[in-house]
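# Working through the structure, step by step
So the chains spell out like this:
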Amino acid sequence: MNIDEYLKGILGQILNSYKILTELDDEEGDLDVIKKELSKIKGLLQVINTKLNDKKYQSDHLVTLYKLSNYYIDAYDFTREIEILSQVYYRDSNRLKNLRMLIINSLNDKRLIERFQTILSEL
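Structural notes, computed from the coordinates. All figures in this text were calculated on a predicted structure; none of them were measured in a lab.

### Details of the nonpolar core
- In terms of nonpolar packing, the biggest core is built from 34 residues, with I14, I48, L107 and F116 touching the most fellow members.
- At the level of secondary structure, the elements contributing two or more residues to this core comprise α1 (3-22), α2 (30-52), α3 (60-75), α4 (79-87), α5 (93-108) and α6 (112-122).
- Sequence-distant contacts of I48, that is, excluding residues within four places in its chain, are made with L7, I10, L11, I14, L65 and S69.

Take a look at the structure:
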């Protein structure tokens, strides 16, 4: 399997998790889904980061993927917010929605999701 095919699968999983996050209704139990999908996204971004850290991958789309994944991993961490919410406010749909929207907005920083969709369609 070449690197593009490998990345297609990973980007597809990230976009699927993003879609799940956008379709939640902010109900009790959604916090577990948010934690699972965010964890999956961060793990997959780390996989991209590790895989593309090798200097042999220099094509434009691979360098872009590497930079975007690295940026997101360094810039965003919702662990504290999720922990607080899970202990105290797990039934508060407004707080759930606020957290979910923060995460969705973070995934749109630097047009991350849009750029992932573009790269995926070009692979």
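### Observations regarding unusual backbone geometry
- We note that D26 has phi near 60°; this positive angle belongs to a residue other than glycine.
- Structurally, D26 is set in the loop between α1 and α2.
- With a phi close to 55°, R111 is a non-glycine residue in the positive phi region.
- Looking at where R111 falls in the secondary structure, it is placed in the loop between α5 and α6.

Conventions we followed
Residues numbered from 1 in each chain as written. Predicted model: local features only at pLDDT ≥ 70, side-chain atom pairs only at ≥ 80, totals over all residues. Heavy atoms only, no water. Core = buried A, V, L, I, M, F, W, Y, C linked by side-chain atoms within 4.5 Å. Buried < 20%, exposed > 50% of the residue type's maximum accessible area, 1.4 Å probe, protein only. Helix = DSSP H or I, 4+ residues; strand = E, 2+ residues; numbered from the N terminus. Contact = heavy atoms within 4.5 Å.

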